[in-house]
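Per-entry structural report
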Amino acid sequence: MSGSFLWSVLALTLISHHVDSTRVIELGEKFLDYLERDTVNPWLVMFYAPWCHHCKMLEPIYNQAANDILQENLGVHVGRVDCTKYTSLATHFSVRGFPTVLYIDKERVIEFNGDRTRKDLIEFTRRLAGPNIRPIADCNELMSLRKSTPIMVTYFGPDPVWSNFSALSRSLHSSTSFYQSKSKCDKLDFPSIYILKSSSLGQFIDIKYDMEGDSSLSQWVMSNRFPHFVRISHSNLNHLLNSGKLLAIGIIEEIRSTGELISPEHEKFKSILENIAHSFDDQSLFIFGWTPHLDLMNSIVMHSIDPRPNFIVINSSTLEYFLVDGEPQSWRITQLLERIRSRDDILKSYGGNRFHHRLYRMGFDGYSSLAAMYKGNPILTLLIFGLPLSFLSIILYSSCCSDILDAPEENDSETDEEDETHKKTE
């Protein structure tokens, strides 16, 4: 055995122990010392607090992802840190909230910002553990990848890879998959850059980068790097809003604990929208998707959207939005999209992002957050907000009442002085 291997075994023994029934390693204060010596193996680390509700919800998902990551032999250790015990580690990695999942290697520390699902955690780790640009051997492998990968940013051409494509792959490595194919495949120009999309309905969509167009490669990728029918969440909404396109979104409720849709009605509605997304294929104008996160949509429109399921189109540049007039049936949704595409002057939009909209949205978000806190834990909410308000009320009451109580005494003393002066005058 080599000395480095013996050190790795000894260090892992000293800094950690395995969590029961999982492959997750509980890390301690010697973790930083181990990182300085072992510059080969990267880590996926969850920073948590035992009292954190979201940490408890993520724990079984994280454990399942850890087992899959280790079974794939990606060369990544998976661990976790109790930040209430090892605050120095939380400070060193600038952890500001719980849970925080970081990918740590010798050159970089990258935070996981995707959905907290087993699939997204594994894909995040797999992407970062591999090269920035993955090679594609031939056209057969390309077809196989397309069937399993919803979005591929692919350079078709010989070495060396274009410098701007290589630089972009480094900056977006954690969220987007980049590939290179040296093979000439049917219906794909060579050399060129494509975004290759595949849908759950088995359709392939090829979007070619126009090198003579107005947009830079970075702008083009940022606008088109989303699946054809994307699930919208807190992790990708800002990216979608930066796309400059119209977001056609179905609002569909799901059971959070299982991820299943709440009823057959919602399943049917989602299927209808996905079919519309494929038949109404306008990649230059619309991004189609769906979301179970009602709070995201309520924040944009600044009121509660009813009924559900429902449909909304949001202008990502101005935050103006359009709603279906009446029940969101298939023909009404298609009609709304056609009117938006044709720039119908009669079509009414709502909302926006002007100063008064932003001010009202801040108030609405604050009220919504407070209501959600109270609904989840009313006692804790009352303690957090009730106690400070009570102390403030006591301070204000004492300040005001002290002036009022002191006022009669001053008046009495003034009256006494006036009486004495009057007697002396007599």
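To be clear, the structure that these remarks concern was listed above.
Overview of the structure. (Residues numbered from 1 in each chain as written. Predicted model: local features only at pLDDT ≥ 70, side-chain atom pairs only at ≥ 80, totals over all residues. Heavy atoms only, no water.)

**What about helix 7 (residues 163-171)?**
Those residues of helix 7 not exposed but buried are Phe165, Leu168 and Ser169. All buried residues of helix 7 fall inside an arc of 100° around its axis, so they share one side. More than 90 degrees from the buried face of helix 7, the exposed residues found are Ser163 and Ser171. Along its buried surface, helix 7 packs onto strand 7 (133-136), strand 8 (151-156), strand 9 (178-181), strand 10 (192-198) and helix 8 (217-224). (Buried < 20%, exposed > 50% of the residue type's maximum accessible area, 1.4 Å probe, protein only. Helix = DSSP H or I, 4+ residues; strand = E, 2+ residues; numbered from the N terminus. Arc of directions from axis to C-beta. Contact = heavy atoms within 4.5 Å.)

**A few points about the state of the cysteines**
Tallied over the full model, the rule gives 1 disulfide. Residue Cys139 pairs covalently with Cys185 via a disulfide, S to S 2.1 Å. Given an S-S torsion of about -100°, the disulfide between Cys139 and Cys185 has left-handed geometry. With Cys139 in helix 6 (residues 139-148) and Cys185 in the loop between strand 9 and strand 10, this residue pair connects regions lying 46 residues apart in the sequence. Judged by its relative accessible area of 24%, Cys139 is partly exposed. Cys83 carries a free sulfur, and the closest cysteine sulfur to it, the one in Cys55, is 8.2 Å from it. (Disulfide = S-S within 2.5 Å.)

**What to know about the sheet that holds strand 16 (residues 320-323)**
The sheet built from 6 strands is open, its strands ordered 12-14-13-15-16-17 with mixed pairing. The sheet is open, and its two borders are formed by strand 12 (229-231) and strand 17 (350-351), each paired with just one other strand. For strand 12 and strand 14 (residues 286-291), the ladder comprises 3 bridges, and the chain directions are parallel. Bridge pairing in strand 14 places Phe229 opposite Phe288. (Pairing = 2+ DSSP bridges.)

None of this, on its own, says anything about what the molecule does.
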